[in-house]
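Remarks on the overall topology
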Amino acid sequence: MFHKENPEYNRRQVGFYTLDELVPKDHFLRKVEETIDFSFIYDLVEDSYSSDNGRPSLDPVLLVKIPLIQCFYGIRSMRQTIKDIEVNTAYRWFLGLSLDDKVPHFTTYGKNYSRRFENKEVLAHIFSHVLHHVLEAGLIDPSEIFIDGTHIKAAANNHKYKTVVIDQKAKFMSEQLEIEINLDRRKHAKKLLKPAKKSEAKPKKQSTTDPDSGWFHKGEHKEVFAYNAQVACDKHGWALAYTVEAGNIHDSQAFSALFVKLEPFSPEFIIADSGYKTPSIAKFLLEKGITPVFPYTRPRGKKDFLRPKDFVYDEHFDCYLCPENKVLTYRTTTREGYREYKSNPKICKTCPLLAICTESRQNQKVVVRHIWKDALEVCEDIRHQSGMKERYQHRKETIERLFGTAKEYHNLRYTREKGKSKMEDKVGLTLACLNIKKLVKMMTGKTYNFTQISQYYWIIGELGKNIKKTNIKNDVCLHSEACSCKLFSFSVELRRYIKKGWLEPRIGYKSMSKKDKKIEIQINDAKVVVNKATIEGFELLVGKKVIGQIVEIDSKFAVVDKENVAGFHKKMDDAVAAIIESYNLNH
């Protein structure tokens, strides 16, 4: 039946509602509020406020949550964010504002940031706090770390710049390279090089709008002022660390600052693109006991000319052999760290391959080899090892996806901030938001997933949000502090049991099928029969098969087998581990 509504009548209706009732129970911001405790911000900024003078300030947590909302929902500006908060009940609920409260002016955050937050690195602490939360949950696998850099267009006009003379930034491991160059020259009976003079300053473009940005050019057409954000993540896509440099700083030069933040994770593999494939980085990582995984790089040089691989290095005699089996002997080691090997011009003059070998007027071929070339050759051997190609291909699912999401949905393609300090906060806040989104999603999972990796099981799943304990009035959700602590402790305890070998499979990893390499264990609420009495408890299932039951009796967790108590445990984690251990022994 045709019906016509009267919108004006509906608009003038009066109702009695609480703000909490207007926000859906499954709203994303509700999950964020339940997962992350923002009270640590008070301790960070407390000394920036007067304790007994002046009028009451805005809540510091509110001021921090406003840019979080902007980042979560990809709102283009702070002005637009404030307009959205005025009409969005979920935003007001998240900020703790009532429907009658006035939303702060859009300039309030900027003023408070510059006066109170900038030097306190509050936004950087948010990233660290979220990362610590994820680490405690055992969700990060730091054995494989993916690193990459992305350029973010600066808020600077490309036509407003001045040419300035700037000293060149020192290359990575330049001091150690200088020492080893002289050792190499001494080995070849060459004079030691004098201490290097200060690097010659070069003229560069500097933006008059944002002097901290750098002139970045890629290809023939893309030339802009930009920032270079270096980011590292694990194989599950959790952002682990970041740094921000000017857009004209190469990835290899920015690597050292990023690695300082990654070293505490003790990675086994570092997977990076060709921008990091340099002799110094390769040598550095190998000396640290870290396996670098780099891609294949095409040989450089003129088309239709002989490639470097056509010249074979003889390590014993320290010389090169050309395709005509003629010797190129060592001549010198340059200040840049390259050994030069030169041919005999008299022999080359009559060589049939001269036309495709060199264009030198002296008819002399020069081949250079870096003194740390051996490290790059080791990396090439690693690249050909089994599984390394697959590891490198995971970049598109980890670090590249991280950049794509940040740029497409969280305003990281361009920036409205000016200055390196503000850019570091913007990048840190964006990565924190990505980690929060991922953490909230993981917390609402329903199963444990154990994936076998090199003869042991690794936890990648989460408890179901409907798990509850008996003798507790309210359901305990994973977002609550108590259940989160149980999740964290279970993960830690499980890893301890793995190390003891309790969860090690009986058959070899190589002989297992893809189906056998993943075991899914579900924990569901159930009515458990104990000594003919029915008690609310839990049951553990592998597929549809029940492998064990647990009930809580007198503040202890009992493992039930065939309606009888098989043993008591102080913690739920211990009871679960006992059932898994028994299941592994019997299967």
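Predicted model only: the values in this text are computed from it and were never measured.

1. Points about the overall build of the protein
Counting its regular elements, the protein contains 20 helices and 20 strands. Within the span of the protein, comprising 587 residues, buried residues form 44% of the whole. In the protein, the share of contacts with a sequence separation of at least 24, taken over all contacts with a separation of at least 6, comes to 63%. Surface exposure of the protein reaches about 34,000 Å², of which carbon and sulfur atoms provide 50%.

2. Thoughts on the packing of helix H9 (residues 122–136) against helix H18 (residues 420–443)
Contact geometry of H9 with H18 gives a least axis separation of 8 Å together with a crossing angle of 25°. In terms of orientation, H9 lies roughly parallel with respect to H18. The handedness of the crossing between H9 and H18 comes out as left-handed. Of the residues in H18, those in contact with Leu-123, Ala-124, Ile-126, Phe-127, Val-130, Leu-131, His-133 and Val-134 of H9 are Asp-425, Gly-428, Leu-429, Leu-431, Ala-432, Asn-435, Ile-436 and Leu-439. Of the residues contributing to the contact of H9 with H18, the split by class is 12 nonpolar, 3 polar and 1 charged.

3. Some details on the packing of aromatic side chains
By the definition in use, this model includes 16 aromatic pairs. Ring geometry for Phe-38 and Phe-94: centres 6.3 Å apart, planes at 85°, overall edge-to-face. In this pair, Phe-38 sits in the loop between helix H3 (28–35) and helix H4 (40–45) while Phe-94 sits in helix H7 (residues 89–95), placing the two residues 56 residues apart along the sequence. The exposure classification of Phe-38 matches that of Phe-94, with both residues buried. Ring geometry for Phe-172 and Phe-255: centres 5.7 Å apart, planes at 80°, overall edge-to-face.

4. A look at the confidence of the model for the protein
Within the protein, residue pLDDT values average 82, and 85% of them lie at 70 or more. A low-confidence stretch, residues 446–518 stays under pLDDT 50, and its non-local contacts, those more than four residues away or across chains, total 142 contacts.

5. What about helix H11 (residues 251–262)?
Because each turn of an α-helix spans 3.6 residues, side chains separated by three or four positions in sequence point in the same direction. The first and last C-alpha atoms of H11 sit 16 Å apart over 12 residues, in line with the 16 Å expected at 1.5 Å per residue. For H11, every residue scored as buried is listed here: Asp-251, Ser-252, Gln-253, Ala-254, Phe-255, Leu-258, Phe-259 and Leu-262. Packing partners of the buried residues in H11 comprise strand S1 (144–153), strand S5 (222–234), strand S6 (239–246), strand S7 (269–271) and helix H12 (279–287).

6. Concerning the sheet that holds strand S9 (residues 312–314)
Strand pairs in the sheet, formed through backbone hydrogen bonds, run parallel or antiparallel to each other. Read from one edge of the open sheet, 5 strands run S9-S10-S11-S12-S13, paired in antiparallel fashion. Of all the strands in the sheet, just S9 and strand S13 (366–370) have a single pairing partner and so form its edges. On average, each strand axis in the sheet is tilted by 35° relative to the strand beside it, whichever way the strands run. In terms of strand pairing, S9 meets strand S10 (residues 319–321) through 3 bridges, oriented antiparallel. When the sheet's bridge partners are listed, Val-312 is paired in S10 with Leu-321.

7. A word on the packing of helix H5 (residues 60–72) against H18
The N-to-C vectors of H5 and H18 enclose an angle of 70°; their axes lie 10 Å apart at closest approach. Compared by their axis directions, H5 and H18 come out roughly perpendicular. For the pair H5 and H18, contact is made by Pro-67, Leu-68, Cys-71 and Phe-72 and by Leu-429, Thr-430, Cys-433, Ile-436 and Lys-437, respectively.

8. Observations concerning a positive patch on the surface
Positive charge collects at one region of the surface, where Arg-76, Arg-79, Lys-83 and Arg-416 lie side by side. Structurally, the position occupied by Arg-76 is in the loop between H5 and helix H6 (78–87). According to the relative accessible area criterion, Arg-76 is exposed, its value standing at 53%.

9. A few points about the pattern of salt bridges
Per the counting criterion, the structure on display carries 21 salt bridges. Where Lys-283 meets Glu-180, a salt bridge forms, and the shortest distance between an N and an O atom there is 3.9 Å. With Lys-283 in helix H12 and Glu-180 in helix H10 (residues 174–187), this residue pair connects regions lying 103 residues apart in the sequence. Take Lys-283: its relative accessible area is 16%, and that puts it in the buried class.

10. Here's the deal with H3
Considered for burial, the residues of H3 that qualify are Leu-29, Arg-30, Val-32 and Thr-35. For H3, the elements touching its buried residues are helix H2 (19–22), H5, H7, H9 and H18.

11. A few points about unusual backbone geometry
Even without being a glycine, Ala-189 presents a positive backbone phi close to 60°. Among the secondary structure elements, Ala-189 is positioned in the loop between H10 and strand S3 (202–207). The backbone phi angle of Asn-363 is positive, close to 55°, even though this residue is not glycine. Note on placement: Asn-363 falls in the loop between helix H14 (354–357) and S13.

12. A few points about the side chain of Glu-539
Here Glu-539 lies in strand S17 (residues 533–542). No salt bridge is formed by the buried Glu-539; its nearest oppositely charged neighbour, Lys-527, is found at 12 Å. Not counting chain neighbours up to four residues away, the residues in contact with Glu-539 comprise Gln-522, Ile-523, Asn-524, Ala-526, Val-546, Gly-548 and Gln-549.

13. Structural notes on the environment of Lys-31
Mapped onto the elements, Lys-31 comes out in helix H3. On the accessibility criterion, Lys-31 (23% relative accessible area) is partly exposed. Taking C-alpha positions, Lys-31 is 9.0 Å from Met-443, a pair spaced 412 residues apart along the chain.

Parameters at a glance
Residues numbered from 1 in each chain as written. Predicted model: local features only at pLDDT ≥ 70, side-chain atom pairs only at ≥ 80, totals over all residues. Heavy atoms only, no water. Helix = DSSP H or I, 4+ residues; strand = E, 2+ residues; numbered from the N terminus. Buried < 20%, exposed > 50% of the residue type's maximum accessible area, 1.4 Å probe, protein only. Contact = heavy atoms within 4.5 Å. Areas by Shrake-Rupley, 256 points an atom, 1.4 Å probe, with all protein chains shown as cover. Axes fitted to C-alpha atoms, helices over the stretch in contact; angles between N-to-C directions. Parallel < 35°, antiparallel > 145°, perpendicular 65-115°, else oblique. Left-handed = near helix turned anticlockwise from the far one by under 90°. Nonpolar A, V, L, I, M, F, W, Y, C, P; charged D, E, K, R; others polar. Phe/Tyr/Trp six-rings, centres within 6.5 Å; stacked < 30°, edge-to-face > 60°. pLDDT = per-residue confidence, 0-100. Expected span 1.5 Å × (residues − 1). Pairing = 2+ DSSP bridges. Patch = residues over 30% accessible without salt bridge, like charges linked within 9 Å, V, L, I, M, F, W, Y side chains within 5 Å. Salt bridge = Lys/Arg side-chain N within 4 Å of Asp/Glu carboxyl O. Lys, Arg positive; Asp, Glu negative; His and termini not counted. Charge placed at Lys NZ, Arg CZ, Asp CG, Glu CD.

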